[in-house]
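# Overview (structure and organization)
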Amino acid sequence: MARARVEERFKTLRYFIDGYYNQSIDDEFDGRIRDFRDYEPKCLVNALRRELVDLRTVVAQADKETFKKVETRGAS
């Protein structure tokens, strides 16, 4: 149940990682962010911004359990 909440909470981040970052040859994060910003609707760009802020909060609070769920989902 908690895993589903984490996946829903970071679904745009997952879309970005799967569709832009993992598909790149050079995996330059800044370049992939610019591509995302340039090619996706503003609502998705804003959602990604919110999720990145949320992820920073997870890291700042040392919420290892949530971070591990986000990270593990990224490996699959």
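Residues numbered from 1 in each chain as written. Predicted model: local features only at pLDDT ≥ 70, side-chain atom pairs only at ≥ 80, totals over all residues. Heavy atoms only, no water.

### Some remarks on the overall build of the protein chain
Inclusion rule: Runs of H or I in DSSP of at least four residues are treated as helices and runs of E of at least two as strands, each being numbered from the N terminus. Each residue gets one of three labels from its accessible area relative to the maximum for its type: buried under 20%, exposed over 50%, partly exposed in between, using a 1.4 Å probe on protein chains only. Contacts were defined at the residue level, with two residues in contact if any of their heavy atoms lie within 4.5 Å. The Shrake-Rupley method, run with a 1.4 Å probe, gives the accessible areas here. Residue values count only the displayed protein chains as cover.
Broken down by element type, the protein chain carries five helices and zero strands. Reading the secondary structure of the protein chain in the N-to-C direction produces α-α-α-α-α. In the protein chain, buried positions account for 29% of the 76 residues. Look at the contacts in the protein chain between residues 6 or more apart in sequence, and 56% of them connect residues 24 or more apart. Surface summary for the protein chain: the accessible area is close to 5400 Å², and the carbon and sulfur share equals 54%.

### Let's talk about the pattern of salt bridges
How we decide: Here, a salt bridge means any side-chain nitrogen of Lys or Arg that lies within 4 Å of a carboxyl oxygen of Asp or Glu.
For the coordinates displayed, the defined rule picks out eight salt bridges. Close ionic contact of Arg34 with Glu28 constitutes a salt bridge, the shortest N to O distance being 3.2 Å. For Glu28, a relative accessible area of 37% corresponds to the partly exposed category. A salt bridge links Glu65 to Lys69, with the shortest nitrogen-to-oxygen separation between them at 3.3 Å. Remark: Lys69 and Glu65 occur in helix α5 (residues 64-75); sequence separation between them is four residues, near one turn of the helix. For Glu65, a relative accessible area of 56% gives the class exposed.

### Brief notes about the confidence of the model for the protein chain
Put simply, the rule reads: What pLDDT conveys is the predictor's confidence in a given residue, as a value from 0 to 100.
When pLDDT is averaged along the protein chain, the result is 85, and 88% of the positions lie at 70 or above. When the elements of the protein chain are averaged for pLDDT, helix α1 (residues 2-9) gives the smallest value, 77, and helix α4 (residues 42-60) the largest, 94.

### Observations concerning the packing of helix α2 (residues 11-21) against α4
Our working definition: Axis geometry follows a simple rule: fit a line to the C-alpha atoms, using only the stretch in contact for helices, then measure angles between N-to-C directions, giving values from 0 to 180 degrees. Just so you know how the angles are binned, under 35 degrees is roughly parallel, over 145 roughly antiparallel, 65 to 115 roughly perpendicular, and the rest oblique. Residue classes follow a fixed rule: Ala, Val, Leu, Ile, Met, Phe, Trp, Tyr, Cys and Pro count as nonpolar, while Asp, Glu, Lys and Arg count as charged, and any other residue, Gly among them, counts as polar.
At a minimum axis separation of 8 Å, α2 and α4 run at an interaxial angle of 105°. Considering the angle they form, α2 stands roughly perpendicular to α4. Judged by residue contacts, Lys11, Thr12, Leu13, Tyr15 and Phe16 of α2 engage Leu44, Ala47, Leu48, Glu51, Leu52 and Leu55 from α4. In terms of residue class, the contact of α2 with α4 is made up of eight nonpolar, one polar and two charged.

### Some details on the packing of helix α3 (residues 29-39) against α4
Running from N to C, α3 and α4 cross one another at 140°; their axes reach a closest spacing of 7 Å. On the basis of the axis angle, α3 is oblique to α4. Note on element contacts: α4 touches α3 through Leu44, Val45 and Leu48, opposite Ile33, Phe36 and Arg37. Looking at the contact of α3 with α4 residue by residue, the class counts come to five nonpolar, no polar and one charged.

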